[in-house]
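What follows is the residue order along each chain.
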Amino acid sequence: MKNMLVISHMANIPGCCQAEWVDDRIYELIKREYNISVISATHCFKYGNQIKHYRVPSILPFEAKGEINEIESMNIDIESRPFTIKYLRFMRSVSKSLDKLNISLFKGEGRWFWMFSSLFIGLRIMPFQKYELIYSTGGPASAHLAGIILSKIFRRKLMVELQDPLTGEGIGRNKHTIKALGIVEKFIIKKADHIIFATKNASIAAKEKYPYASHKIDYIYPGAKKLNPAREIKRGSENNKKINFSYIGSLYQTRNLDNFITILSQLEIETNYEINLYGWIADDILERIKKSNNPNIKIHGMISRDEAIEKAQNTDVLILVQHTDMRSKKTIPFKLYDYLNTGNLIFGMTYMNNEIDDILMKHNHLCCDASSIGQIKEKLNYVFNNYNELKGKIKTSHLVPNQAVNKMEKILENV
């Protein structure tokens, strides 16, 4: 049995795509008889007995405040760990005092100080566990920094998986964070044994930027676990009823449905339709949606991943939309893999991302430029006039965690 230490700030959090990504991978590794230990932050549910799970809090008041807020909002194991909860609540009170003093240093979303907590617990457990590999992934880069230090101290191989690139156009809140992320990225590329990106485009860009490390840079599509069969339903268009469109996920900044909704108001649509929106919507976008006065748009708010999957399975057309800025060139929304597994038609509004376009077209889905009114209008009109034909041509997806682990093992074998 192979022993692996997974370091991820987010794990086993329903509805959080970064955590669900990690969970899918872990359970596939367990199927292959890997012995898995996980270090995560405290705002995660406890794994079952098959996984050794160490949940550690940040030492920074602002970061600890975020953890306790999440724990209380989702009621995550509050009664079973009184000392952790007391510590986090104390740190929250400290953060409020710092706010009153207008002290906001390190108040961003990087969770940098969680590195020290995860490093501390790693130093405690590593001498007693024979881990062949450290695998750091998910969200904040603090997990990767802790992984690098542990891998050097204990001479273990480290695979760093960057779910999103750390640098690039549209990434970083200001010049200071952009500079800091650049330094961290360079350090990770230099020190890790393997650097894995979630897209081919991101890996190519990294190889061009760091040619001296190109031999250890690769990409793995994470995929998503196969879905349970959807319950039998009557498809709207096949019964002269509504075509049900659904968007599942967040909408903010340039990732919005402005162009899509504008086109709906321009088309002469004979088929009845309904647009269902599930997930968080930024206030400015929500206001614009409401001002459209389209009675066919239904806003449902936040739902869990299980609910999201059920909604996705029981819909006709799934909407995928990217930001219309350069961050979209190197990223693939995780929901795409769940969408593909439903077998339902995907209407993709992508931006400068040939990689997503290729995946969609390979499975006979639709894609168009998210910034092009003309392309969206043409493809949306095509959906209304040819839905049944399009539905019949969809191909089964094989982008699942199984293939992701296959590639992980192949990369490790080729060292």
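Our subject is the structure listed above.
Just so we're clear, the structure is a prediction, and the values are computed from it rather than from any experiment.

Q: Break down the sheet that holds strand E12 (residues 345-350) for me, citing the residues and quoting the values.
A: Backbone hydrogen bonds hold the strands of a sheet together, and the pairing may be parallel or antiparallel. Taken in spatial order, the 6 strands make up an open sheet running E10-E9-E8-E11-E12-E13, and their pairing is parallel. Whereas interior strands pair on both sides, the edge strands pair on one side only; in this sheet they are strand E10 (297-301) and strand E13 (366-369). Here the strands of the sheet are splayed against their neighbours by 20° on average, with no regard to which way each runs. With 5 bridges joining them, strand E11 (residues 317-321) and E12 adopt parallel strand pairing. Bridge pairing in E12 links leucine 320 to glycine 348. Along the sheet face, helix H12 (residues 354-362) touches E11, E12 and E13 and points at about 160° away from the line of E12.

Q: Describe in detail the layout of surface pockets, supporting the description with residues and values.
A: Roughly 400 Å³ of internal volume is contained in the second largest pocket. Lining of the second largest pocket is provided by 18 residues; of these, Asp23, Asp24, Tyr27, Lys225 and Arg305 occupy positions nearest its centre. Broken down by element, the residue count for the lining of the second largest pocket peaks at 6 residues, all from helix H1 (residues 17-31). Of the residues belonging to the lining of the second largest pocket, the class tally is 5 nonpolar, 4 polar and 9 charged.

Q: Requested: an account of the packing of helix H8 (residues 258-266) against helix H13 (residues 373-392), with residues and values cited.
A: Two elements in contact, H8 and H13, have axes separated by 10 Å at closest approach and are oriented at 60°. Here H13 runs oblique to H8, going by the angle between their axes. H13 is crossed by H8, and the crossing has right-handed handedness. From H8, Asn259, Phe260, Ile263, Leu264 and Gln266 reach across to H13, where they touch Ile373, Ile376, Lys377, Leu380 and Phe384.

Q: An account of the packing of aromatic side chains is needed here, citing residue identities and associated values.
A: As enumerated under the stated definition, the model contains 11 aromatic pairs in all. A ring pair is formed by tryptophan 21 and phenylalanine 334, whose centres lie 5.6 Å apart and whose planes are at 15°; its orientation type is stacked. Of this pair, tryptophan 21 sits in helix H1 while phenylalanine 334 sits in the loop between E11 and helix H11 (335-342), and the two are 313 residues apart along the sequence. Phenylalanine 334 carries the same exposure label as tryptophan 21, and that label is buried.

Q: Describe helix H4 (residues 114-125), with residues and values.
A: End to end, H4 covers 17 Å across 12 residues, agreeing with the expected 16 Å (1.5 Å per residue, within 8%). Burial in H4 covers these residues: Trp114, Met115, Ser117, Ser118, Leu119, Ile121, Gly122 and Ile125. If you follow the buried residues of H4, they end up packed against strand E1 (2-7), strand E2 (34-40), strand E3 (52-55), helix H2 (61-74) and helix H5 (142-154).

Q: Report on the side chain of histidine 43, specifying residues and quantitative values.
A: With respect to the helices and strands, histidine 43 occurs in the loop between E2 and E3. Residue histidine 43 is classed as buried on the basis of its relative accessible area, which comes to 8%. Those residues in contact with histidine 43, other than ones at most four positions away along the chain, are His9, Met10, Ile13, Glu67, Glu70, Ile71 and Ile76.

Q: Can you lay out the packing of H1 against helix H14 (residues 401-413) for me, pointing to particular residues and giving the numbers?
A: At a minimum axis distance of 9 Å, the contact between H1 and H14 shows a crossing angle of 70°. In terms of axis orientation, H1 runs roughly perpendicular to H14. Across the interface between the two elements, Asp24, Arg25, Glu28 and Leu29 of H1 pack against Pro401, Asn402, Ala404, Val405 and Met408 of H14. Each residue belonging to the contact of H1 with H14 can be placed in one class, and the counts come to 5 nonpolar, 1 polar and 3 charged.

Q: Help me get a handle on the pattern of salt bridges, residues and values and all.
A: A complete count under the given rule lists 16 salt bridges for this structure. In this structure, the salt-bridge partner of glutamate 72 is arginine 92, at a minimum N-O distance of 2.9 Å. Within this pair, whereas glutamate 72 is found in helix H2, its partner arginine 92 is found in helix H3 (residues 82-100), the two being separated by 20 residues in sequence. The exposure class of arginine 92 is buried, given its relative accessible area of 15%. Aspartate 284 is the partner of arginine 288 in a salt bridge, and the nearest nitrogen-oxygen pair spans 3.6 Å. Of the two residues, arginine 288 and aspartate 284 are both situated in helix H9 (residues 283-291); the distance of 4 residues between them amounts to about one turn of the helix. Judged by its relative accessible area of 40%, aspartate 284 is partly exposed.

Parameters at a glance
Residue positions are counted from 1 within each chain, in the order its sequence is given. Thresholds applied to this predicted model are a pLDDT of at least 70 for local features of residues and 80 or more for the giving and counting of side-chain atom pairs; totals over whole chains, interfaces and linings are not thresholded and use all residues. Water and hydrogen atoms play no part in the side-chain values, which are based on all heavy atoms of the structure. Pairing between strands is defined by DSSP: at least two bridges between the two strands are required. For the purposes of this entry, the term helix denotes a DSSP run of H or I that reaches at least four residues, the term strand denotes a run of E that reaches at least two, and both are numbered from the N terminus. Only the stretch in contact is used when fitting a helix axis, every axis being a line fitted to C-alpha atoms; angles between N-to-C directions are given from 0 to 180 degrees. The contact criterion used throughout is that any non-hydrogen atoms of two residues lie within 4.5 Å. Here a cavity denotes a set of grid points, spaced 1 Å apart and computed over the protein atoms alone, in which a 1.4 Å probe fits but from which it cannot get out, and a pocket denotes an open set meeting protein on both sides within 12 Å along at least five of seven lines; residues with an atom within 4 Å of a point are reported as lining. Grid points are joined across faces, edges and corners, and a volume is the space filled by probe spheres set on the points. Residues are grouped as follows: Ala, Val, Leu, Ile, Met, Phe, Trp, Tyr, Cys and Pro are nonpolar; Asp, Glu, Lys and Arg are charged; every other residue, Gly included, is polar. Note that the term roughly parallel is reserved for angles under 35 degrees, roughly antiparallel for angles over 145, roughly perpendicular for angles of 65 to 115, and oblique for everything else. Two helices cross in a left-handed way if the nearer one is turned anticlockwise from the farther one by less than a right angle. They cross in a right-handed way if the turn is clockwise. Pairing of aromatic side chains here covers Phe, Tyr and the six-membered ring of Trp, requires ring centres within 6.5 Å, and sorts the geometry by plane angle: under 30 degrees stacked, over 60 edge-to-face, intermediate tilted. Remark: exposure states derive from per-residue accessible area (1.4 Å probe, protein chains only) relative to the maximum for the residue type, with buried under 20%, exposed over 50%, and partly exposed in between. An expected span of 1.5 Å times one less than the residue number is assigned to each helix. Salt bridges are defined as contacts in which a side-chain nitrogen from Lys or Arg sits within 4 Å of a carboxyl oxygen from Asp or Glu.

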